[in-house]
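Here is how the chains run, residue by residue.
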Amino acid sequence: MSEKKLNGTVIVTYRCNARCTMCNRYKCPSKPEEELTLETIKKLPKMYFTNITGGEPFIREDLPDIVRELYKKSDRIVISTNGYFQDRIIKLCEEFPKVGIRISIEGLEETNNKIRGLDDGFNKGYSTLKKLVEMKHPDVGFGMTVQDTNAKDLVALYKLSEELNMEFATASLHNSFYFVEAKNIIHDRMMVGKEFEKLINELLNSNSPKKWFRAYFNHGLINYIFGQKRLLPCDMAFDTFFIDPYGDVMPCNGTKEKEVMGNLNEQSWDELWNSEQADKVRQKVRHCTRNCWMIGSASPAMHKYIWTPTLWVLKHKFLRFFKKQKYSMFENQIVKDFKEGKVSKEELDKCSTCDMNCKINDGLSEKSKEALKNKTGEEIVDEDIRNQMEK
Ligand code: SF4
Ligand code: SF4
């Protein structure tokens with residue numbers, strides 16, 4: 001019997017040099033000496049897809065070694081980055097011509113720099129993207145976390161991705177230990193929903209079936225920002241996993257507290273994956289009410305329950321083609337109810353994961369927490385990068 005391949009996300013570091021408004025991870029870095037080693041990475045199972053993420057993964061100078069090791073067990077690798085370490089990204093892509101690169105760009109120049117807090121962040125990210133296009137690197141794209149402050153740039157950024165012939169990935173605000181954040185919330189849901197609606201119509205209007213399915217994903221984001229039940233079940237931890245910089249294997253990055261199935265530094269993969277603890281976490285997933293809609297959990301569900309998005313796509317292509325009818329966000333009953341005043345903003349706010357009074361779990365090890373007693377996370381990471389650059 002052939003071994004079942006999984007979908008894995010490898011968080012190689014919690015160090016980050018950006019200062020995003022929707023994520024406090026940069027304040028809570030991991031200690032480099034505690035981060036995932038090649039020995040632990042060698043213990044990971046076979047995967048059909050691997051996302052390498054952080055923090056900012058390119059902060060790790062040994063990222064090429066990690067990618068080399070992961071290619072021995074993964075059919076496809078995509079790295080999510082803020083695009084700052086341009087030379088490292090280009091060099092890595094020269095060595096691994098098939099690796100996917102997704103750079104986060106949060107809006108046009110002014111908006112991006114405000115949200116991401118990186119000096120000249122937009123130009124750096126954009127010029128990295130352009131260089132990769134010039135190199136004819138085949139798998140390049142950018143991703144955007146849509147929120148009140150950048151929603152108006154959504155369609156413009158999509159058009160930019162079209163011009164550059166690139167993938168365009170969207171997300172919206174989430175709260176979790178991973179983002180070290182509990183206060184994220186969309187305030188003007190109608191405005192943000194409307195911008196998603198425009199994007200969905202652009203995507204449905206294209207000739208690319210992949211984009212039609214992206215339209216469904218964005219339809220799911222409208223549903224999410226209105227605090228509704230996920231469009232598809234969440235099966236995280238069944239054939240997908242996340243591993244954090246400390247070797248802890250988790251179902252996802254959306255939980256409020258860090259949920260641990262086992263530790264790969266200490267256990268073998270089979271021991272961990274088939275453990276009682278892993279099953280306990282799977283039971284929690286079955287009853288989870290957070291209703292995240294992030295590509296990491298939505299994409300495996302869209303593949304698994306393929307008929308639901310397929311029927312949605314067929315319906316909308318049919319309506320477009322034969323009845324000249326465009327997608328409307330009001331096909332989500334909740335949007336209609338909100339517009340008609342049947343449900344209030346306050347009631348919708350309560351359906352979100354935003355919790356102004358919650359004590360946030362940052363998922364750090366005791367040693368990493370200890371390091372924060374004398375310096376801030378920003379100071380630690382800035383010093384770290386300065387040392388790397390001086391070498
Ligand atoms: S969203 Fe990403 S780039 Fe921004 S602070 Fe968090 S980890 Fe860093
Ligand atoms: S809905 Fe799924 S992805 Fe979100 S926190 Fe729950 S188990 Fe994780």
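Quick look at the structure, then. Everything quoted here is computed from the prediction, not taken from an experiment. (Residues numbered from 1 in each chain as written. Chains lettered and ligands numbered in written order. Predicted model: local features only at pLDDT ≥ 70, side-chain atom pairs only at ≥ 80, totals over all residues.)

1. Here we look at unusual backbone geometry
Here is the rule: Only DSSP runs of H or I covering at least 4 residues are called helices, and only runs of E covering at least 2 are called strands; the numbering of each starts at the N terminus.
Put simply, Gly54 and Gly55 share a cis peptide bond, and its omega is 25°. The topology assignment puts Gly55 in the loop between strand S2 (47-53) and helix H2 (63-71). A positive phi angle, close to 55°, is found at Asn291, a residue other than glycine. Counting through the fold element by element, Asn291 comes out in the loop between helix H10 (276-286) and helix H11 (295-304). Even without being a glycine, Lys324 presents a positive backbone phi close to 50°.

2. Considering the site of ligand 2
Our working definition: By definition, a residue lies near a molecule or strand when the C-beta atom built from its backbone is within 6 Å of it. Note that Gly is not counted as nonpolar here; it falls among the polar residues with everything else outside the nonpolar set of Ala, Val, Leu, Ile, Met, Phe, Trp, Tyr, Cys and Pro and the charged set of Asp, Glu, Lys and Arg.
Around ligand 2, the neighbouring residues are Cys234, Met236, Pro251, Cys252, Gly254, Thr255, Val285, Cys288, Arg290, Asn291, Cys292 and Ser297. When grouped by side-chain class, the residues that make up the shell around ligand 2 number seven nonpolar, four polar and one charged.

3. Digging into the pairing of S2
Rules: For the exposure call, what matters is how many other C-beta atoms sit within 10 Å of a residue's own: 20 or more marks it buried, 12 or fewer exposed, and in between partly exposed, using C-beta atoms placed from the backbone. If DSSP finds at least two bridges between two strands, the strands pair.
Taking burial as the measure, the seven residues of S2 include six buried ones, the bulk of the element. Of the pairings in the sheet, the one linking strand S1 (residues 6-11) to S2 comprises six bridges and is parallel in character. Bridging from a neighbouring strand, Gly8 pairs with Thr50 of S2.

4. What about the packing of helix H8 (residues 209-225) against helix H12 (residues 307-323)?
The line we're drawing: Note on definitions: angles span 0 to 180 degrees between N-to-C directions of axes, and those axes are lines fitted to C-alpha atoms, for helices only across the stretch in contact. The cut-offs work like this: below 35 degrees is roughly parallel, past 145 is roughly antiparallel, 65 to 115 is roughly perpendicular, and the gaps in between are oblique. Remark: residues whose backbone-derived C-beta atoms lie within 7 Å of one another are considered to be in contact.
Relative to each other, H8 and H12 sit at 105°, their axes nearing to 10 Å. Considering their axes alone, H8 and H12 lie roughly perpendicular with respect to each other. Residues Trp212, Phe213 and Tyr216 of H8 lie in contact with H12, whose contacting residues are Pro309, Trp312, Val313 and Lys317. Here the residues of the contact of H8 with H12 sort into six nonpolar, no polar and one charged.

5. Here we look at the environment of Asn51
Position of Asn51 relative to the elements: it lies in strand S2. Separated by 29 residues in the primary sequence, Asn51 and Ser80 have C-alpha atoms spaced 7.2 Å apart. In contact with Asn51, not counting residues within four places along its chain, are Thr9, Val78, Ser80 and Gly296.

6. Concerning the packing of helix H7 (residues 189-205) against H8
Running from N to C, H7 and H8 cross one another at 170°; their axes reach a closest spacing of 8 Å. Comparing the axis directions of H7 and H8 gives the class roughly antiparallel. Together, Arg189, Val192, Gly193, Phe196, Leu199, Ile200, Leu203 and Leu204 of H7 and Lys211, Trp212, Arg214, Ala215, Asn218, His219, Leu221, Ile222 and Ile225 of H8 make up the contact between the two elements. Of the residues in the contact of H7 with H8, the class split is 11 nonpolar, three polar and three charged.

7. Description of the environment of Trp212
Note on placement: Trp212 falls in helix H8. By C-beta crowding, Trp212 is classed as buried, having 21 other C-beta atoms within 10 Å. Along the sequence, Trp212 and Ile89 sit 123 residues apart, while their C-alpha atoms lie 30 Å from each other. Those residues within four positions of Trp212 in sequence are excluded, and the remaining contacts are Leu203, Leu204, Val313 and Lys317.

8. Let's talk about the pairing of strand S3 (residues 77-81)
Operational definition: Looking down the strands as they point away from you, a crossover is right-handed if its path from the first strand over the helix to the second goes clockwise.
The element S3 is largely enclosed, with a buried count of five among its five residues. What you see with S3 is no split at all: Ile77, Ile79 and Thr81 on one side and Val78 and Ser80 on the other are buried throughout. Of the pairings in the sheet, the one linking S2 to S3 comprises three bridges and is parallel in character. By the bridge assignment for S3, Ile52 is matched with Ile79. Taking the sense of rotation as the criterion, the β-α-β connection linking S2, H2 and S3 turns out right-handed. When S3 meets strand S4 (residues 100-104), the two strands line up parallel, connected through four bridges.

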